[in-house]
Amino acid sequence: MTNNKELRRWVEHMARMCKPDKVVWIDGSEEQKRELIAEACRTEELIELNQEKLRGCIYHRTAVNDVARTEGLTYICTSNEEDAGTTNNWMAPEEAYDRAAQIFSGSMRGRMMYVIPFSMGPIGSEFSKIGVQITDSIYVVLNMLVMTRAGKKVLEQLGTSGSFTRCLHGKADLDINRRLILHFPQDNAIWSVGSGYGGNALLGKKCLSLRIASCLAREEGWMAEHMLILGVEHPDGQIDYIAGAFPSACGKTNLAMLVPPEALAKKGYKVWTVGDDIAWLRVGRDGRLWALNPEAGFFGVAPGTNSKTNPNAMAMIRENTIYTNTVLCPDRTVWWEDGEGLPPDEGCLDWTGRPWRLGKTDEHGHVIAGAQPNSRFTVPVGQCPSIAPNWQDPRGVPLTAIVFGSRRARLAPLVYQCFNWQHAVYVGATMGSERTAAQYGKQGEVRFDPMAMLPFCGYNMADYFRHWLEMGTRILHRPKVFRVNWFRREENGDFIWPGYGENLRILLWMINRCRGNGASIKTPIGYLPTYDSIDWSGLEFSRHAFGDLHAIFTEDWLEEQALNKQFLAQFGDRLPQELRFEHAARERRLRGED
Ligand code: OXD
Ligand code: MN
């Protein structure tokens with residue numbers, strides 16, 4: 001299959017450890033994919049869905065203890081503990097290899113070992129990175145075939161001597177006590193054992209494209225970020241591209257696939273999707289920052305997706321989609337909470353495979369959800385109706401703006417513009433997001449999630465802040481940076497801002513600001529929009545409500561300052577001085593001393 005000696009040696013070595021019945025190389029052909037689906041349906045690892053209503057779609061249930069990323073079992077394994085930093089779990093590489101090898105040993109007896117050569121990014125682009133994943137799960141193979149460019153063509157690109165990230169994955173016995181997600185940045189390797197869940201098992205995604213890639217990016221002078229990428233087309237045909245970092249479950253997929261409100265669509269505005277989760281950023285020869293989506297698929301959360309929240313997603317998941325942990329209806333279609341319509345009264349199975357009907361309760365009277373809250377769809381990017389025609393351009397797309405967003409019931413206003421790059425790095429570094437939607441007045445627990453990268457930065461977060469600052473000095477035409485919060489609530493708990501398509505109005509204000517237009521008010525936290533600087537066509541939104549969205553509660557901000565200080569203190573001397581400076585400067589502005 002390959003003349004790459006290093007790759008052959010590695011696969012042989014891993015096979016000696018895991019002892020599969022057979023090694024199968026994934027070539028990326030339709031024929032092999034069909035055979036794998038047939039085999040997995042035979043063993044009930046997969047269920048074929050209704051081929052008339054959901055052509056090419058399949059269904060999978062994970063083990064009940066294996067439904068989300070397990071951050072507590074995810075480690076950065078560097079020889080020096082400080083290189084992993086305070087925000088990561090750390091394990092010494094020798095211990096990590098040893099512990100995992102014991103679990104991997106003989107774990108593929110009676111199973112196949114699949115070898116998947118894959119490229120993150122279009123094959124041959126200077127952005128792209130090659131990985132090879134070994135796995136004993138057909139479900140994982142099929143997901144990787146959607147989420148990455150995989151197969152023979154990648155081996156051709158790799159050639160006889162090219163280097164690649166070695167990604168070893170095995171389900172073993174899916175025992176949470178024998179589950180480890182290990183990253184070895186110094187060896188360009190990932191070992192993941194004991195989980196079949198997406199984020200833990202599709203090693204091209206979070207493990208390679210964020211944790212390992214962030215390390216490579218620092219060495220090589222680029223950035224690997226947890227960001228969506230979208231394009232806003234103006235009536236004159238010009239397109240501005242925006243990248244946005246939001247923590248998981250803050251609406252990145254919905255924003256990336258935004259449908260313009262009717263009045264703006266009539267004026268000629270369009271939104272193009274480039275990516276919904278990961279962006280690799282490089283400085284182009286023209287001095288601008290260019291962004292590429294390294295993935296080839298979307299791995300989206302199903303619950304809450306419906307034709308109001310995300311019509312583009314609903315249209316793209318009608319075929320060639322892998323559904324995981326949703327409700328299975330009697331006609332072999334799927335359903336989830338806050339999805340489309342109601343499920344049939346009879347014959348549904350919930351995500352664990354038990355008979356289920358809407359409103360079913362447990363012995364304590366609590367309603368049982370039919371779909372696991374983190375149930376997913378896996379779908380090729382090309383099926384999205386709003387996909388940008390140039391999404392595979394090997395150069396990426398040039399960024400006009402960067403957005404940091406999170407979920408705050410009260411503190412952060414709808415939008416503000418950072419004063420400059422250094423201020424933006426401070427704003428991103430101290431971004432907090434509520435774990436759950438908090439009631440007004442009772443602040444929900446805030447978790448700091450710098451640049452939405454807390455679970456994904458593969459090295460010391462303080463060095464990551466330094467890298468952001470350094471990148472700023474290399475970009476000649478820096479994107480302007482904005483902070484958004486679509487989630488501010490009224491006293492009664494209702495959201496103030498309608499969100500979804502209406503968010504385009506805010507993106508247009510940002511673009512105006514980047515072009516040197518768009519009025520603003522200077523405040524201690526940044527530049528806020530004026531009511532009249534927003535295009536309100538087709539939306540009745542009062543000046544008063546707009547004021548509520550942008551009110552700055554100085555007392556709350558000062559409390560936040562104290563929390564920020566505490567959060568940043570963990571980085572000690574490694575914290576760039578510039579961030580201390582920005583912290584002090586904001587404090588002074590809030591106190592009216594500047
Ligand atoms: C996430 C995801 O958990 O994208 O962030 O799946
Ligand atoms: Mn994500």
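This structure is a prediction, so every number in the text was calculated from the model and none was measured. Position numbers for residues start from 1 in each chain and track the written sequence from start to end. Chain labels run from A onward and ligand labels from 1 onward, assigned in the order the entries are written. The predicted nature of this model means local features are confined to residues of pLDDT at least 70 and side-chain atom pairs, given and counted, to a pLDDT of 80 or more, with totals for whole chains, interfaces and linings taken over all residues. To obtain the side-chain values, all non-hydrogen atoms of the structure were used and water was disregarded.

S.K.: How should the domain arrangement of the protein chain be read in this particular structure?
M.R.: Note: interface size is frequently given as the accessible area lost on complex formation between the parts. In terms of domain boundaries, the protein chain breaks down into domain 1 (5-46 + 70-221) and domain 2 (225-297 + 389-590). Computed over C-alpha atoms, the centres of domain 1 and domain 2 are 32 Å apart. Contacts were defined at the residue level, with two residues in contact if any of their heavy atoms lie within 4.5 Å. On the domain 2 side, the residues contacting the 36 residues of domain 1 number 37 residues. When two components associate, each loses some accessible surface as probed by a 1.4 Å sphere; the sum of these losses over both components is called the buried area. For the pair domain 1 and domain 2, the two sides together bury roughly 3,100 Å², of which 53% comes from carbon and sulfur. Each salt bridge in this description consists of a side-chain nitrogen of Lys or Arg and a carboxyl oxygen of Asp or Glu lying within 4 Å of one another. In this structure, the connection of domain 1 to domain 2 is made through eight salt bridges. A salt bridge links Arg447 to Glu71, with the shortest nitrogen-to-oxygen separation between them at 3.3 Å. Distance and chemistry together define a polar contact, namely a pair of N or O atoms within 3.5 Å, with one atom able to donate a hydrogen and the other to accept it when in protein, and with adjacent residues in sequence counting only for side-chain atoms on both sides. Joining domain 1 to domain 2, the criterion identifies 25 residue pairs in polar contact (both at pLDDT 80 or more). Only DSSP runs of H or I reaching four residues or more are called helices, and only runs of E reaching two or more are called strands; each is numbered from the N terminus. Breaking the side of domain 1 that touches domain 2 down by element, the ones donating at least two residues are strand S6 (112-120), helix H4 (138-147) and helix H7 (204-220). If one sorts the elements of the side of domain 1 that touches domain 2 by residue count, H7 sits on top with twelve residues. Side-chain classes follow a simple rule in which Ala, Val, Leu, Ile, Met, Phe, Trp, Tyr, Cys and Pro form the nonpolar group, Asp, Glu, Lys and Arg form the charged group, and the remainder, Gly included, forms the polar group. The residue makeup of the side of domain 1 that touches domain 2, split by class, is 13 nonpolar, twelve polar and eleven charged. Segment limits for the domains were obtained from an automatic or database-derived domain assignment.

S.K.: Would you mind showing me how to read the packing of helix H2 (residues 30-42) against H4 here?
M.R.: For any two helices packed against each other, the geometry comes down to the angle between their axes and how far apart the axes lie. Interhelical geometry of H2 versus H4 gives an angle of 145 degrees and a closest axis separation of 10 Å. For the pair H2 and H4, the sense of crossing is left-handed. Across from Lys33, Leu36, Ile37, Glu39 and Ala40 in H2, the residues of H4 making contact are Ile138, Val141, Leu142 and Leu145. For the contact of H2 with H4, the per-class residue count stands at seven nonpolar, no polar and two charged. To obtain each axis, a line is fitted to C-alpha atoms, and for helices this fit is confined to the stretch in contact; angles are then taken between N-to-C directions over 0 to 180 degrees. For any pair of crossing helices, the crossing counts as left-handed if the nearer helix is rotated counterclockwise from the farther one by less than a right angle, and right-handed if it is rotated clockwise.

S.K.: Mind showing me how you'd approach the state of the cysteines here?
M.R.: Note on terminology: a disulfide is the covalent bond linking the sulfur atoms of two cysteines. By disulfide we mean two sulfur atoms from cysteines, separated by a distance within 2.5 Å. Enumeration according to the criterion identifies zero disulfides in this entry. There is no disulfide at Cys18, and the cysteine sulfur nearest it, in Cys167, is 14 Å away. Here Cys514 stays unpaired: no disulfide links it, and the sulfur of Cys418, its closest cysteine neighbor, is 11 Å away.

S.K.: I tried to follow the nonpolar core on my own but got confused; where do I start?
M.R.: Where a protein is soluble and globular, its nonpolar side chains tend to be buried together. Ranked by internal contacts, the top residues of the largest apolar core, which has 127 residues, are Trp280, Met316, Tyr323, Tyr464, Phe465 and Trp468. Residue assignment places this core across two domains, with domain 1 (5-46 + 70-221) and domain 2 (225-297 + 389-590) each supplying three or more. Excluding anything up to four places from it in sequence, Met316 contacts Met257, Phe298, Thr321, Phe377, Val379, Gln383, Cys384 and Pro385. By nonpolar core is meant a set of buried Ala, Val, Leu, Ile, Met, Phe, Trp, Tyr and Cys residues that side-chain atoms within 4.5 Å join together. Burial classes: relative accessible area under 20% of the type maximum marks a residue as buried, over 50% as exposed, and values in between as partly exposed (1.4 Å probe, protein chains only).

S.K.: When you look at the coordination of the manganese ion (ligand 2) in this model, what are you seeing that I'm missing?
M.R.: Geometry reference: four tetrahedral donors at a metal, ideal angle 109.5 degrees. Six octahedral donors, ideal angles 90 or 180 degrees. Atoms are scored as donors when they are N, O or S and lie within 2.8 Å of the metal, with 3.2 Å used for Na, K and Ca; no water is included, so coordination may look incomplete. Every protein donor of the manganese ion (ligand 2) is accounted for by Lys206 (NZ), His226 (NE2) and Asp277 (OD), and the metal-donor separations fall at 2.2 Å. Sequence spacing among the residues donating to the manganese ion (ligand 2) works out to K-x19-H-x50-D. Within this pair, whereas Lys206 is found in helix H7, its partner His226 is found in the loop between strand S12 (223-225) and strand S13 (227-233), the two being separated by 20 residues in sequence. His226 shares its class with Lys206; the two are buried.

S.K.: How do you make sense of the sheet that holds strand S3 (residues 58-60) when you look at a structure like this?
M.R.: Backbone hydrogen bonds hold the strands of a sheet together, and the pairing may be parallel or antiparallel. With respect to topology, five strands assemble into an open sheet ordered S2-S3-S19-S24-S18, the strand pairing being mixed. Whereas interior strands pair on both sides, the edge strands pair on one side only; in this sheet they are strand S2 (47-48) and strand S18 (297-301). For S2 and S3, the ladder comprises two bridges, and the chain directions are antiparallel. Following the sheet pairing, Glu48 is matched in S3 by Ile58. Two strands qualify as a pair provided DSSP detects at least 2 bridges between them.

S.K.: Quick question: what am I supposed to make of the layout of surface pockets here?
M.R.: Empty pockets left among the atoms are what a rolling probe the size of a water molecule brings to light. Here the largest pocket is characterised by a volume of approximately 1,300 Å³. The definitions used throughout rest on a 1 Å grid laid over the protein atoms alone, on which a cavity is an enclosed set of points accommodating a 1.4 Å probe that cannot get out and a pocket is an open set flanked by protein within 12 Å on both sides along at least five of seven lines; lining residues are those having an atom within 4 Å of a point. Ser248, Ala249, Cys250, Gly251 and Val301 are the residues nearest the centre of the largest pocket, which is lined by 48 residues in total. Sorting the residues of the lining of the largest pocket by element identifies H7, helix H8 (252-256), S18 and strand S24 (376-380) as the ones contributing at least two each. Here the element with the most residues in the lining of the largest pocket is H8; it accounts for four residues. Counted by class, the lining of the largest pocket contains 21 nonpolar, 16 polar and eleven charged residues. Grid points are joined across faces, edges and corners, and a volume is the space filled by probe spheres set on the points. Its volume calculated, the second largest pocket comes out at about 650 Å³. Lining the second largest pocket we find 27 residues, and of these Glu30, Lys33, Leu145, Val146 and Asn320 sit closest to its centre. Only H2, H4 and strand S8 (149-150) provide two or more residues apiece to the lining of the second largest pocket. Among the elements that make up the lining of the second largest pocket, the one with the highest residue count is H2 (four residues).

S.K.: Explain the site of ligand 1 here, please?
M.R.: Near ligand 1, the surroundings consist of Arg69, Lys206, His226, Ser248, Asp277, Arg376 and Phe456. Working definition of accessibility: Shrake-Rupley area with a 1.4 Å probe, residue cover restricted to the visible protein chains. Protein contacts shield 89% of the accessible area of ligand 1, which totals 210 Å² for the unbound molecule. Think of it this way: if more than half of a molecule's atoms are within 2 Å of a pocket's grid points, that molecule is in the pocket or cavity. Among the detected pockets, ligand 1 sits in the largest pocket. Here the residues of the shell around ligand 1 sort into one nonpolar, two polar and four charged. Note on definitions. A residue lies near a molecule or strand when any single heavy atom of the residue is within 4 Å of it.

S.K.: Would you explain H7 in this entry?
M.R.: Counting along an α-helix, one turn takes 3.6 residues, and residues three or four places apart therefore face a common direction. A helix is expected to span 1.5 Å for every residue after the first. Between its first and last C-alpha atoms H7 spans 19 Å; for 17 residues at 1.5 Å apiece the expected length is 24 Å, and the helix comes up short by more than 12%. Values of bend correspond, residue by residue, to the angle between axes fitted over the seven residues ending at that residue and the seven starting there. At Ala213, H7 shows its maximal kink, close to 45 degrees. Among the 17 residues of H7, 14 are classified as buried, and the element is accordingly described as predominantly covered. Backbone geometry just downstream of H7 places Gly221 in the positive-phi region, at approximately 85 degrees.

S.K.: When you look at the pairing of strand S7 (residues 129-135) in this model, what are you seeing that I'm missing?
M.R.: A regular strand places its side chains so that they alternate between the two faces of the sheet. Counted residue by residue, S7 has seven buried out of seven residues, so it is predominantly covered. Every second residue of S7 is oriented toward a common face, with Lys129, Gly131, Gln133 and Thr135 on one face and Ile130, Val132 and Ile134 on the other, all of them buried. Sheet analysis places S6 next to S7, joined by seven bridges and oriented antiparallel. Bridge pairing in S7 links Phe118 to Gly131. Examined bridge by bridge, S7 and strand S9 (residues 165-170) share four bridges and lie parallel to one another. Paired with Ile134 across the two strands is Leu168, which belongs to S9.

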